[in-house]
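Here is how the chains run, residue by residue.
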Amino acid sequence: MKFKFGFPSEPDSMLDGARRLALPIKKTYIVATAIGFFIMLPLFYGMWRMRWSNDVIFGVFKADTILPLLSAMLVTVIAHEFCHLVMHPFCGLTDKSYVGLDKKTGLVYAQYLGVVSKMHFTAIDVAPLVIGTIISLWLASMMPEWASWLAFASIFNAVGAGGDVYILAVAWREVPAQMSLQGHRFGKKTASHLKIGNQERI
């Protein structure tokens, strides 16, 4: 795993006939934000509302909780990226896993630049949504005294997962089942990538 300010340089392709996913930066940010606020937020607020009252869901929004709220936001963002990271091959411990901070947007990220199957790419992409948002609903039933904070983290995390949802939708639309992905490119694995000594069999 490597730490980096800014995004890492794109590595040489390890895929035959590599093509790039249709993810232009500006459009991706706009669509991801729209998905987060107009789909994920109402969807998961509705899921919480089925079990908990607004007093619980919005219970953390008080005058004396500003600093704890900011801390909770930071922890949620880091935890979100950590969930991506641990789903990387070898739990993110190879030199093809990067974590860092984008200098232009201030966004924290975890990115894998090796080759993964389409299903593995899906697992990496949805891990934060499953762990950070859906499991929080279950944890709230086990620890009702923490329900307000779990609701905040769950819904905030869901909004942040708008980009993950969009990227996954594009990948499933464009990448044939038998092909693999490397970053935001897809194609067939090269023969050299399949060698045991490469330590990158996925």
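What counts, and at which threshold
- Residues numbered from 1 in each chain as written.
- Predicted model: local features only at pLDDT ≥ 70, side-chain atom pairs only at ≥ 80, totals over all residues.
- Heavy atoms only, no water.
- Helix = DSSP H or I, 4+ residues; strand = E, 2+ residues; numbered from the N terminus.
- Contact = heavy atoms within 4.5 Å.
- Salt bridge = Lys/Arg side-chain N within 4 Å of Asp/Glu carboxyl O.
- Buried < 20%, exposed > 50% of the residue type's maximum accessible area, 1.4 Å probe, protein only.
- Pairing = 2+ DSSP bridges.

### Here we look at the environment of Pro128
And step 1. Note that Pro128 resides in helix H4 (residues 118-142).
And step 2. Distance from Pro128 to Ser148, taken between C-alpha atoms, is 19 Å for residues 20 residues apart in sequence.
And step 3. Pro128 has contacts with His80, Cys83, His84, Thr133, Asn157 and Asp164, leaving out every residue within four places of it along the chain.

### Some thoughts on the pattern of salt bridges
And step 1. Per the stated rule, a full pass over the model turns up three salt bridges.
And step 2. Arg20 is the salt-bridge partner of Glu10, the closest N and O atoms lying 2.7 Å from each other. Taken as a pair, Glu10 in the loop between strand E1 (2-5) and strand E2 (15-20) and Arg20 in strand E2 lie far apart in primary sequence, ten residues in all.
And step 3. Salt bridges sharing common partners tie together Glu10, Arg20 and Arg185.

### Brief notes about the pairing of strand E3 (residues 97-101)
And step 1. The element E3 is largely enclosed, with a buried count of four among its five residues.
And step 2. Sheet topology note: the E1/E3 ladder contains four bridges and is parallel. The residue of E3 that forms the bridge with Phe3 is Val99.
And step 3. From the end of E3 to the start of strand E4 (residues 108-112), which pair antiparallel, there are six residues, and Gly106 there has a positive phi angle of about 80°.

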